[in-house]
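# Summary of the model geometry
Here's the letter readout for the chains.
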Amino acid sequence: MNEMALLIAATLASGTPLAIAGLGLLLNEKAGVLNLGAEGMMLVAAIAGFATAFYTGSDLMAFGAGAVAGGLMALVFGVLVIWLNTNQYATGLALSLFGAGLSAFVGVGMVGKKLSDRTVFEVPVLADIPFLGPALFKQHPMVYAAMGLVALLAWFLYKSRAGLVLRAVGESPESAHALGYPVRRLRLLAVVAGGALCGVAGAFLSVVYAPLWVEGLVAGRGWIALALTTFATWRPMRVLLGAYLFGGVTMLQFALQGAGVNISSQLLAMLPYIATIVVLALISRNPLWIRINMPASLGKPFHPGS
């Protein structure tokens, strides 16, 4: 029973960066922009957040630094693809490779350094409930913030006028432009906001989840977050559920190793990525379902006046 509670708690913590990054990418894609650079943005934000936490001792400042780093990288990507009309796929891949190299270069001096003792968080009274307390109510505040972000983003996209306009830009930028909306500026705002969320996710990994810095710390989570948007059929709540699913698969490998299951550690480490491939393969069997839910102009450039 105790082990199960700890597994649930670890699943929530592991799924949180995937959820935050996935929601950021969802915001991008709802505006019609496909950003394949999540891995690079998260890596640069992870070293920015770790260095900030190391020198200031403030987690809040670390998350802010991660958001700024992710937002700046997304801004460069946005200018290139929205104003200079570069290919979204190639530019996103280039951003991911650049972020991996930049984070490794900048982070050389931070390898092996440790943050001060982490604060242990718990929700008063609720944390004392047997099983549920250790499983759900002894988490970092960012875990609960991710849950709140899902509700906020769902309200924004489906209940607010601004969200309706953003979705219209992703569905038919030509029509939105004809109605007088600044399509390119709206897309850029969505891209930068999505990049900032990816940055927060990267900072969470290096400041809270690890907490340390090593080259390649993100370890493919940016690609999993990207796959989450398709898995979730572009719905915020499903992004959160998918993030916890993949987080649970990640934690399962450690649980199996701890239980002494005689399975190769390399095979267990592959589980999250195998699960990603299997889920995407299953979803891809119904292309009509994807077309119905996917923003119609996703990945397509927009040229005002053309």
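Up top is the structure these notes are about.
These remarks concern the structure in this document. Within any chain, residue numbers begin from 1 and follow the written order of that chain's sequence. Selection of residues for local features in this predicted model requires a pLDDT of at least 70, selection of side-chain atom pairs for listing and counting requires 80 or more, and totals for whole chains, interfaces and linings are taken over all residues. The side-chain figures draw on all heavy atoms in the structure; neither hydrogens nor water molecules are used.

### Things to note about the side chain of S96
Secondary structure is summarised from DSSP: a helix means a run of H or I of at least four residues, a strand means a run of E of at least two, and numbering begins at the N terminus for each. Residue position: S96 is located in helix α4 (residues 88–106). Burial classification: accessible surface area is computed with a 1.4 Å probe over protein chains only, and a residue below 20% of its type maximum counts as buried, one above 50% as exposed, and the rest as partly exposed. When its relative accessible area of 6% is taken as the criterion, S96 is described as buried. Residue contacts are defined here by distance: any two heavy atoms, one from each residue, within 4.5 Å place the two residues in contact. The contact partners of S96, leaving out residues within four places of it in the chain, are L36, G37, E39, G40 and W223.

### Re the packing of helix α6 (residues 141–159) against helix α11 (residues 236–258)
Angles shown run from 0 to 180 degrees and are taken between the N-to-C directions of axes, each axis being a line fitted to C-alpha atoms and, for helices, limited to the stretch in contact. Where α6 contacts α11, the two axes come as close as 8 Å, and the packing angle between them is 155°. Classed by the angle they form, the pair α6 and α11 counts as roughly antiparallel. Contacts from V143, M147, V150, L153, A154, L157 and Y158 in α6 reach P236, M237, L240 and Y244 in α11. Of the residues contributing to the contact of α6 with α11, the split by class is 11 nonpolar, no polar and no charged. Working definition: roughly parallel below 35 degrees, roughly antiparallel above 145 degrees, roughly perpendicular at 65 to 115 degrees, and oblique for all remaining angles. Any residue that is not Ala, Val, Leu, Ile, Met, Phe, Trp, Tyr, Cys, Pro, Asp, Glu, Lys or Arg is counted as polar, Gly included; the first ten are nonpolar and the last four charged.

### Focus: the pattern of salt bridges
Take a side-chain nitrogen of Lys or Arg and a carboxyl oxygen of Asp or Glu: if they are within 4 Å of each other, that pair is a salt bridge. Taken as a whole, this structure holds 1 salt bridge when the rule is applied. In this structure, R118 engages D59 in a salt bridge whose closest nitrogen and oxygen atoms are separated by 2.8 Å. Of this pair, R118 sits in the loop between α4 and α5 (132–136) while D59 sits in helix α3 (residues 59–83); the two residues are 59 residues apart in sequence, bridging distant segments of the chain. Take R118: its relative accessible area is 27%, and that puts it in the partly exposed class.

### Thoughts on the packing of helix α10 (residues 221–231) against helix α13 (residues 271–284)
Running from amino to carboxyl end, α10 crosses α13 at an angle of 30°, the nearest separation of the two axes being 10 Å. It follows that α10 is roughly parallel to α13 by the angle criterion. Regarding α10 and α13, the two cross each other, and that crossing is left-handed. The residues of α13 that touch α10, namely those facing I224, A227, T230 and F231, are P272, Y273, T276, V279, L280 and I283. The class makeup of the residues in the contact of α10 with α13 is 8 nonpolar, 2 polar and no charged. For any pair of crossing helices, the crossing counts as left-handed if the nearer helix is rotated counterclockwise from the farther one by less than a right angle, and right-handed if it is rotated clockwise.

### Some details on the environment of L252
Among the structural elements, L252 can be located in helix α11. Separated by 241 residues in sequence, L252 and T11 have C-alpha atoms that sit 8.7 Å apart.

### Comments concerning a nonpolar patch on the surface
Residues enter patches when their relative accessible area tops 30% and they take part in no salt bridge; the joining distance is 9 Å for like charges and 5 Å for the nonpolar side chains Val, Leu, Ile, Met, Phe, Trp and Tyr. The accessible surface values rely on the Shrake-Rupley method and a 1.4 Å probe; as for residues, cover is taken only from the protein chains in view. Together, V261, I263, L267, M270, I274, V278 and L282 make up an exposed nonpolar region whose accessible area comes to about 550 Å². The leading source of residues in the nonpolar patch is α13, at 3 residues. Within the secondary structure layout, I274 lies in helix α13. Residue classification places I274 among the partly exposed positions, given a relative accessible area of 34%.

### With respect to the environment of R238
Structurally, R238 can be placed in helix α11. Residues R238 and L228, 10 residues apart in the sequence, show an inter-C-alpha distance of 8.5 Å. A polar atom in the side chain of R238 sits 2.4 Å from the side chain of T233. Any pair of N or O atoms that falls within 3.5 Å is considered a polar contact. Within protein, one atom must be able to donate a hydrogen and the other to accept it, and sequence-neighbouring residues count only if both atoms are side-chain atoms.

### Concerning unusual backbone geometry
In the Ramachandran plot, N85 falls in the positive-phi region, its phi being about 60° despite a non-glycine side chain. Summarising the element assignment, N85 is placed in the loop between α3 and α4.

### Let's talk about the packing of aromatic side chains
Under the pairing criterion, centres of Phe, Tyr and Trp rings, with the six-membered ring standing for Trp, must be within 6.5 Å; the plane angle then separates stacked pairs below 30 degrees from edge-to-face pairs above 60, leaving the rest tilted. Following the criterion strictly, the structure yields 3 aromatic pairs and no others. Look at F50 and F54: their rings are 6.4 Å apart centre to centre, the planes differ by 20°, and that puts the pair in the stacked class. Placement of the pair is F50 and F54 together in helix α2 (residues 38–56), with a separation of 4 residues, close to one helical turn. Looking at F50, the relative accessible area reads 0%, which means it is buried. On the basis of an interplanar angle of 85° and a centroid distance of 5.1 Å, the ring pair of F54 and Y55 is categorised as edge-to-face. By relative accessible area, which is 29% here, F54 ends up partly exposed. A residue is classified by how much of its surface remains accessible, and Y55, at 61% relative accessible area, is exposed. An aromatic cluster is built from F50, F54 and Y55, whose rings are joined through pairwise contacts.

### Let's talk about the side chain of Q88
Checked against the element boundaries, Q88 lands in helix α4. From its side chain, Q88 meets the backbone nitrogen of L34 in a polar contact 2.8 Å long.

### Let's talk about α11
Taking 1.5 Å of rise per residue, 23 residues should cover 33 Å, and α11 covers 33 Å from first to last C-alpha, within 8% of that figure. Every buried residue of α11 is accounted for by P236, V239, L240, G242, A243, Y244, F246, G247, V249, T250, M251 and Q253. One less than the residue count of a helix, multiplied by 1.5 Å, gives the span that helix is expected to have.

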